[in-house]
Amino acid sequence: MITGAQLDIYERFNGDVDLWQHHRMPGSDVITFDDWGTIDVLRQELAMYKHGVISEGYAMRIRGRLAQLAADPETAKRLLELA
């Protein structure tokens, strides 16, 4: 489940996991490497969704993943905006 607190950390480092590591991973009690990777992949999928370069079936799967992975509607909205 992706939370707003995780996105706060992710955005603080502009999605750059190497920069986060360089700063000794502040907030590692909130976000893990796996969470970071999930956010990265979902952002890529959402970017394709937003640009309309995917099939309707794939778009439906992405919307389902977003609903499943986002902790709440506000987090889902933030993820879509980050894409």
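Reading the values: rules and limits
- Every residue gets a number counted from 1 within its own chain, in the order that chain's sequence is written.
- Whole-chain, interface and lining totals are the exception, using all residues; otherwise, since this is a predicted model, local features are given only for residues with pLDDT of at least 70 and side-chain atom pairs are given and counted only at 80 or more.
- Based on all heavy atoms of the structure, the side-chain values leave hydrogens and waters out of the count.
- We call a set of buried Ala, Val, Leu, Ile, Met, Phe, Trp, Tyr and Cys residues a nonpolar core when their side-chain atoms join them within 4.5 Å.
- Accessible area is worked out with a 1.4 Å probe on protein chains only. A residue is then buried under 20% of its type maximum, exposed over 50%, and partly exposed in between.
- The way it works is that DSSP assigns letters per residue, a run of H or I at least four long becomes a helix, a run of E at least two long becomes a strand, and they are numbered from the N terminus.
- Note on definitions: a residue-residue contact is assigned when non-hydrogen atoms from the two residues lie within 4.5 Å.
- Every helix has an expected span of 1.5 Å times one less than the residues it contains.
- The arc refers to the directions leading from the helix axis to the C-beta atoms.

Student: Talk me through the nonpolar core; I want residue IDs and the actual numbers.
Tutor: Ile2, Trp36, Ile39, Leu42, Leu66 and Leu79 are the most contacted members of the largest nonpolar core, which has 19 residues in total. Put simply, the parts of the chain that give this core at least two residues each are helix 1 (4–12), helix 3 (33–51), helix 4 (56–69) and helix 5 (73–82). In this view, Leu42 contacts Ile2, Arg65, Leu66, Leu69 and Leu79; residues no more than four positions away in its chain are not counted.

Student: Let's hear about helix 4: which residues, and what values?
Tutor: Here helix 4 contains 14 residues, and its C-alpha end-to-end distance of 20 Å stays within 8% of the 20 Å for a straight helix at 1.5 Å per residue. Among the residues of helix 4, Ala59, Ile62, Leu66 and Leu69 are the ones counted as buried. The arc that holds every buried residue of helix 4, seen down its axis, measures 105°, which confines them to one face. Across helix 4 from its buried face, at more than 90 degrees, point the exposed residues Glu56, Met60, Arg61, Ala67 and Gln68. Buried positions along helix 4 lie against helix 3 and helix 5.

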